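As a plain string of letters, each chain reads:
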Amino acid sequence: MRLCFLVEEQYRHDGMPLDVIRQLGSWGHRVDVLWPGRSLIPISEAIQAGSHDAWVLKTVSGGPGLTLLEAAASVGLTTVNDVRAIRGVRDKALAAVIARRSGLPVPVTYAAARPEEFAEIPEAEFPLVVKPADGSSGRAVRLVATPDRLLDPVETAGAGDPGAPGGGLLIAQPYVPNSGTDLKVYSVAGELYATERCSPLHPAHAVRERQVPLTPDIARITAEIGTVFGLDLYGVDILLGPDGPVVVDINDFPSFRQVPDAVARVSAAILDLARHGRAGQAAGPAAGQPAAGPVAAKPGAAAAPAAPPFTAPPVPRPSRPAASIGGGR
């Protein structure tokens, strides 16, 4: 097969996806790599129907790679994940609306262009977690204890980097009391893996990042997110709050840290999706559109990953109409 990866500057030294690219190459597949953040791309020639079996994106939220992936989809090329699904989760304000409408456990969400606008939120809902709607990798996420702290300086590490948040929409959600440990659940085309790690809001809380057992309730929520948003390779951040699990973030093509044999599993899933489309279908749905329940990825011919600890059960198809997410982020 011939694949094209779009890899942005932030990930040029990361094992995910570079190790996946090497693995696919070692299995005999041709992999072209485009670097949208630091190279000239002749899009009229590079993006043509039939040029590749699939295009794969590893990018920061606000980077230029998503536009190129959309261009590939516009000429009929398969994308991993489905490009409409990526749009649905890259914009955290949009993702919150889709998720809440679909009955997923997400916090009440407010949006504003300036942090001072959040002062209109009742003080009883503070503390708030405030973050950019186009943020990624925990950048500029902060806990605001009271309305008078909304204008406190924000950590600017990484500002100016391609895709770094700045100047766009902000979202705010009431803080969910928790132990300081985040649960990160990864889905590799239907195979689910749970890990725990330190919350970015509680850096002093010592947590050893490790794989943990996946409960049926968390598995159901994670699988339903894949169905609602039309995702195949994704991660979900979940907090175990006083009233049960709460979804606080969704990421397309995450790091898959602590997933056993992650490189082989993700590589095999990409090949399967390139051959068959999303979850074995010819085309993927837009975020919020009914979709088939997730299924386990088929391994590549040259490597057969071991059985996963949990494979999500099929989730019933929602009867709601598709959400329109074709606009900008």
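What you see is a predicted model, and the numbers here were worked out from it, not measured in a lab.

Quick look at the sheet that holds strand S3 (residues 54-58)
Alright, step 1. Here we have four strands laid out as an open sheet, ordered S2-S1-S3-S4, and parallel in their pairing. The open sheet has two edge strands, strand S2 (30-34) and strand S4 (79-80), and neither has a second partner.
Alright, step 2. Helix H3 (residues 65-74) contacts strand S1 (2-7), S3 and S4 of the sheet and is inclined by roughly 165° relative to S3.

A few points about the packing of helix H4 (residues 83-90) against helix H5 (residues 92-101)
Alright, step 1. Viewed as axis vectors pointing N to C, H4 and H5 meet at an angle of 100°, and their least axial separation amounts to 5 Å. It follows from the interaxial angle that H4 and H5 lie roughly perpendicular. For the pair H4 and H5, contact is made by Arg87, Gly88, Val89 and Arg90 and by Lys92, Leu94, Ala95 and Ile98, respectively.
Alright, step 2. Its residues assigned to classes, the contact of H4 with H5 comprises four nonpolar, one polar and three charged.

Here's the deal with the pairing of S1
Alright, step 1. With five of its six residues buried, S1 lies for the most part within the structure.
Alright, step 2. Pairing geometry for S1 and S2, over five bridges, is parallel. The residue of S2 that forms the bridge with Cys4 is Asp32.
Alright, step 3. In terms of strand pairing, S1 meets S3 through five bridges, oriented parallel. Residue pairing across strands places Cys4 opposite Trp55, the latter belonging to S3.

What about the environment of Leu271?
Alright, step 1. For Leu271, the position within the fold is in helix H7 (residues 262-276).
Alright, step 2. Along the backbone, Leu271 and Asp53 are 218 residues apart, and their C-alpha atoms lie at a distance of 9.1 Å.

What about the packing of helix H1 (residues 15-26) against H7?
Alright, step 1. Across the interface, H1 lies against H7 with an axial gap of 9 Å and an inter-helix angle of 70°. Judged by the angle between their axes, H1 and H7 are roughly perpendicular. As H1 packs across H7, the resulting crossing turns out to be right-handed. Between H1 and H7, the residues in contact are Met16, Asp19, Val20, Gln23 and Leu24 and Ala262, Val263, Ala264, Val266, Ser267, Ile270 and Leu271, respectively.
Alright, step 2. Residues belonging to the contact of H1 with H7 are distributed by class as follows: nine nonpolar, two polar and one charged.

Conventions used here
Residues numbered from 1 in each chain as written. Predicted model: local features only at pLDDT ≥ 70, side-chain atom pairs only at ≥ 80, totals over all residues. Heavy atoms only, no water. Pairing = 2+ DSSP bridges. Helix = DSSP H or I, 4+ residues; strand = E, 2+ residues; numbered from the N terminus. Contact = heavy atoms within 4.5 Å. Axes fitted to C-alpha atoms, helices over the stretch in contact; angles between N-to-C directions. Parallel < 35°, antiparallel > 145°, perpendicular 65-115°, else oblique. Nonpolar A, V, L, I, M, F, W, Y, C, P; charged D, E, K, R; others polar. Buried < 20%, exposed > 50% of the residue type's maximum accessible area, 1.4 Å probe, protein only. Left-handed = near helix turned anticlockwise from the far one by under 90°.

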